[in-house]
Amino acid sequence: GTILDNMRRVFRVVGSWPAFLRALLLAMPFMASLVFPSVLLMCTVPGQVLFASHPRLILWLWGLAFLKLVFHLQLAHICNEAYQPWRRSFFLLMAGVLCCPIIKRLLQQQLQTQIWEPELLWLQVITFGMALANLHLVVSVIHSVAVFLDVRIFHIDAKVAEE
């Protein structure tokens, strides 16, 4: 009910099918960031094992990906610009998650031995990368606003440092 009602209301606001499809396309990364990991967790054995053994790490990754999308949505709204959800970090996240089984097979072939939990290592690397991407976004936004407002940030004046 609620989702279909919201979609009907969006269609009424935009007024045409092409505009509605463009609006739906902008919402796809949000849906993908929620649905794609769920499908991977529920439909793959490594996903089920990882979620059973490391649920916090998976929820951190999930949350960081969603947070990055929301950051960009808020910035677009504040700056009165068009929202561009299809960003490099989003594609890198999806590619990283999809590449996990491939990397596991390649490493096992190279080392000729069973690798213990390569999915966990890869998940940690992806989560750390998303955390760095979010940190970079926050720091760069703060720096851009400071330049625009002509204020100094991340700086301690000599008078304050002496006291």
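Up top is the structure these notes are about.
Report follows, based on the coordinates. (Residues numbered from 1 in each chain as written. Predicted model: local features only at pLDDT ≥ 70, side-chain atom pairs only at ≥ 80, totals over all residues. Heavy atoms only, no water.)

1. Notes on the overall build of the chain
Consideration 1: Scanning the chain from N- to C-terminus turns up seven helices and zero strands.
Consideration 2: Across the chain, helices and strands are ordered from the amino to the carboxyl terminus as α-α-α-α-α-α-α.
Consideration 3: For 163 residues, the compact-globule estimate of 2.2 N^0.38 gives 15 Å, and the chain exceeds it by more than 25% at 21 Å.
Consideration 4: Taking the principal axes of its C-alpha atoms as reference, the chain extends roughly 60 × 60 × 25 Å. (Helix = DSSP H or I, 4+ residues; strand = E, 2+ residues; numbered from the N terminus. Rg over C-alpha atoms; globule rule 2.2 N^0.38 Å.)

2. Considerations on the nonpolar core
Consideration 1: Residues Leu50, Ile58, Leu61, Leu93, Leu123 and Met130 are the most contacted members of the largest nonpolar core, which totals 13 residues.
Consideration 2: Where this core is concerned, the elements lending two or more residues are α4 (55–78) and α6 (118–149).
Consideration 3: The biggest single contributor to this core is α4, with six residues.
Consideration 4: Among the nonpolar cores identified, the runner-up in size contains six residues, and Leu69, Ala76, Tyr83 and Phe90 belong to it. (Core = buried A, V, L, I, M, F, W, Y, C linked by side-chain atoms within 4.5 Å. Buried < 20%, exposed > 50% of the residue type's maximum accessible area, 1.4 Å probe, protein only.)

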